[in-house]
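# Understanding the architecture of this molecule
Below are the chains, spelled out letter by letter.
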Amino acid sequence: MTSRSAHESTGAGAGTGAGRSTYHHGDLRQAVLAAALDVIAAEGPGALSLRDLARRAGVSHAAPAHHFKDRTGLLTAVAAQGYDLLAGALAGAPELRERGVRYVRFAVEHPAHFQVMFQPELLRADDPDLRAARERASAELRAGVAGLEDVPDAREAGIAAWSLAHGFATLLLTRNVTDALGGRAPEEYFRSLTGLLFTERHSGKEPEGGT
């Protein structure tokens, strides 16, 4: 629990803090995370440096290490935040197709998180916050598959649906399908793609002319 009276001085000494801010612990953590997201979005996770992030956030060079210990800890915090955001984005979607649309929208709105979340070599796999957030997001994905009818293997169906949404989102963020979109919103284009693959049987409707 963060104390309301707990602050971190961002200056190195008297007279050196001009133009800088004094943060509550939680504010400082978020400031460093926000700076990290800017760097990742522009240059990728490989460009992260705790010292550079301290400069960008206007805090002492030791402040990021105090909160995240090291670069891996910072990237793990970014991923955990991303999975929490993804779980929130997927929650309450009426059916699997709409969960896929929301997945794509999440990638578009949070490209830096998306870059980091699925690179396990960058993360601390046993971090409890990361594991809990990942499970919340996975549960939301599984909930979409639960609404499908006559699926012989729900796990395989879930991986198939995830592959479609994740693959499209990745192609979108790497600008490999920009021309194909033709100016259409990514979410609407994805709905069209799923329309090619979702059968009436799996949408809960009887196929026309079926027996």
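Quick caveat, the model's predicted, so the values are computed rather than measured.

Rules and cut-offs
- For every chain, the first residue of the written sequence is number 1, and numbering continues from 1 along that sequence.
- The predicted nature of this model means local features are confined to residues of pLDDT at least 70 and side-chain atom pairs, given and counted, to a pLDDT of 80 or more, with totals for whole chains, interfaces and linings taken over all residues.
- Excluding hydrogens and water, the side-chain figures rest on all heavy atoms present in the structure.
- Helix numbers and strand numbers start at the N terminus; a helix is a DSSP run of H or I with at least 4 residues, a strand a run of E with at least 2.
- The axes are straight lines fitted to the C-alpha atoms, using for helices just the contacting stretch, and the angles between their N-to-C directions are given from 0 to 180°.
- Between 65 and 115 degrees an angle is taken as roughly perpendicular, under 35 as roughly parallel, over 145 as roughly antiparallel, and anywhere else as oblique.
- Any two residues whose heavy atoms approach within 4.5 Å at even a single point are treated as in contact.
- Gly falls in the polar group here, along with every residue not listed as nonpolar (Ala, Val, Leu, Ile, Met, Phe, Trp, Tyr, Cys, Pro) or charged (Asp, Glu, Lys, Arg).
- Whenever Lys or Arg places a side-chain nitrogen within 4 Å of a carboxyl oxygen from Asp or Glu, that contact is recorded as a salt bridge.
- The buried label goes to any residue with under 20% of its type's maximum accessible area, the exposed label to any with over 50%, and the partly exposed label to all in between, with areas taken from a 1.4 Å probe on protein chains only.
- Per residue, pLDDT measures the predictor's confidence, with a range of 0 to 100.
- Centres within 6.5 Å make a pair out of two Phe, Tyr or Trp rings, where for Trp the six-membered ring is used; the pair is then stacked when the planes are under 30 degrees apart, edge-to-face when over 60, and tilted otherwise.

## Side note on the environment of Pro64
- In this structure, Pro64 sits in helix H3 (residues 63–68).
- Taking C-alpha positions, Pro64 is 6.4 Å from Ala54, a pair spaced 10 residues apart along the chain.

## Topic: the packing of helix H5 (residues 96–109) against helix H7 (residues 128–146)
- Relative orientation of the contacting elements H5 and H7 amounts to 150°, with a least axis distance of 8 Å. Viewed along their axes, H5 and H7 adopt a mutual orientation that is roughly antiparallel. Where H5 approaches H7, its residues Leu96, Arg99 and Tyr103 are matched on the opposing element by Glu140, Leu141, Ala143, Gly144 and Val145.
- Across the contact of H5 with H7, the residue classes tally to five nonpolar, one polar and two charged.

## Quick look at the pattern of salt bridges
- Scanning the entire structure with this criterion turns up 11 salt bridges.
- One salt bridge connects Arg56 with Asp52, and the closest N-O pair in it is separated by 2.8 Å. With Arg56 and Asp52 both in helix H2 (residues 50–57) and four residues apart, this pair spans about one turn of that helix.
- Its relative accessible area of 42% is what places Arg56 among the partly exposed residues.
- A salt bridge links Glu140 to Arg99, with the nearest nitrogen and oxygen atoms 3.0 Å apart. With a gap of 41 residues between them, Glu140 in helix H7 and Arg99 in helix H5 connect regions that are remote in the sequence.
- For Arg99, a relative accessible area of 8% puts it in the buried group.

## Things to note about the confidence of the model for the protein chain
- Residues with a pLDDT of 70 or more make up 81% of the protein chain, whose mean pLDDT is 83.
- Within the model, pLDDT remains below 50 along residues 1–21, and this stretch shows 30 contacts once partners closer than five positions in the same chain are excluded.
- Predicted confidence is poor over residues 200–211, with pLDDT under 50, and the contacts of this stretch with residues over four places away or in other chains come to 11 contacts.

## Details of the packing of aromatic side chains
- A complete count under the given rule lists six aromatic pairs for this structure.
- Taken together, a centroid distance of 5.9 Å and an interplanar angle of 75° make the contact between Tyr83 and Phe118 edge-to-face. On the criterion of sequence distance, the pair formed by Tyr83 in helix H4 (residues 71–90) and Phe118 in the loop between helix H6 (111–117) and H7 is long-range, its members being 35 residues apart.
- Of the residues examined, Tyr83 reaches a relative accessible area of 7% and is grouped as buried.
- When its relative accessible area of 25% is taken as the criterion, Phe118 is described as partly exposed.
- When the centroid spacing of 6.3 Å and the interplanar angle of 50° are considered together, the rings of Phe118 and Trp162 count as tilted.

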